[in-house]
Amino acid sequence: VVVHALGHEWAEPTYEWGAGDATVSAMRVCLRDASHAESETVGVDDITYLEPTCTTPGKALKVSQPFENGAFLVQAKDGADIPALGHDWGAWEVTRPATETEDGEESRTCARCGEVETRAILASISYRYVGDENLTWTRGDTAPLELTFKRSVDDELTFSLFKGIEVDGVAVGEKSLSGDANYTARSGSLVLNLQPAWLSTLSDGEHTVRATFEDGSATATFVVASRGPADEGGDSRRAMPATGDAALPGTASALYVMGVAAIAVALVRRRRRE
């Protein structure tokens, strides 16, 4: 009697991912005889199913390569996210220039997705001297020399942002070593008063004062001049020349009286003849 082989009765295949998900191993075992088993190991491919964008990560699958044994099925699992690409920005281009009073704007465009990014260009803050362009302080003057500086925007901040002054490139302290004021400063834009005692230490001629602020500076020029002879404190009236006439103040009056008397005598004699 011939007894035919029963044939394998295979259990469901099992699958195991290898280290780093680089391989997949498959195995099946015969339910009648566990010593009978089939196994196969294949490599793994990374397959992207959602491409990354500038701002969104991509998605990928790890997929086993096909098995030669038709009983083993291709395996797949989620892979690591693919990092977002990030924007590929072009150069910044000015779309609206800033002025001294208004912010401007500039923009740039992503070459990959076309997104446009904008940012403000802050107003071009500046400071300037406002006042007499021909400032002169004359030696002996007791009044200070006043200068006013203004800010192009938010002028109410000018005084609070003031740091100090330089004259001809040399920093000048608010007070001298003796404690006397070299200058004073007050709000209302910025009003500086250069004090006479300090001005008197400067040489005759033109000088440049620079007012410095937290975010800028401005300059003005002034002249220190000596007092001329006509401006010295004494009588400025023109002096009488030292002539003989000036030395005899009574002579003219005496001659006048004598002349009147002579005319009177002549008139009396004329009437007598008539």
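Residues numbered from 1 in each chain as written. Predicted model: local features only at pLDDT ≥ 70, side-chain atom pairs only at ≥ 80, totals over all residues. Heavy atoms only, no water.

Caption draft 1: Quick peek at the sheet that holds strand 6 (residues 93-96). Across the sheet, which stays open at both edges, the three strands sit in the order 6-7-8 with antiparallel pairing between neighbours. Looking at the sheet topology across the chains shown, the edges are occupied by strand 6 and strand 8 (116-121). Ignoring strand direction, the axes of neighbouring strands in this sheet form an average angle of 35 degrees. (Pairing = 2+ DSSP bridges. Helix = DSSP H or I, 4+ residues; strand = E, 2+ residues; numbered from the N terminus. Axes fitted to C-alpha atoms, helices over the stretch in contact; angles between N-to-C directions.)

Caption draft 2: Looking closely at the confidence of the model for the chain. Considering every residue of the chain, the mean pLDDT works out to 86; 83% of them sit at 70 or more. Segment residues 234-252: pLDDT under 50, and two contacts once partners within four positions in sequence are set aside and those in other chains are kept. (pLDDT = per-residue confidence, 0-100. Contact = heavy atoms within 4.5 Å.)

Caption draft 3: Region of the structure containing the sheet that holds strand 1 (residues 14-17). Strand order in the open sheet formed by five strands is 1-2-3-4-5, with antiparallel pairing between adjacent strands. Of all the strands in the sheet, the pair left with one neighbour each is strand 1 and strand 5 (76-78). Direction aside, neighbouring strands of the sheet carry axes that sit 25 degrees apart on average. Of the pairings in the sheet, the one linking strand 4 (residues 59-64) to strand 5 comprises three bridges and is antiparallel in character. Residue pairing for strand 5: Lys62 is matched across the bridge by Lys77.

Caption draft 4: Broad picture of the side chain of Thr148. Summarising the element assignment, Thr148 is placed in strand 11 (residues 145-151). Among residues more than four places away in sequence, those in contact with Thr148 are Arg128, Tyr129, Val130, Gly188, Ser189, Leu190 and Val191.

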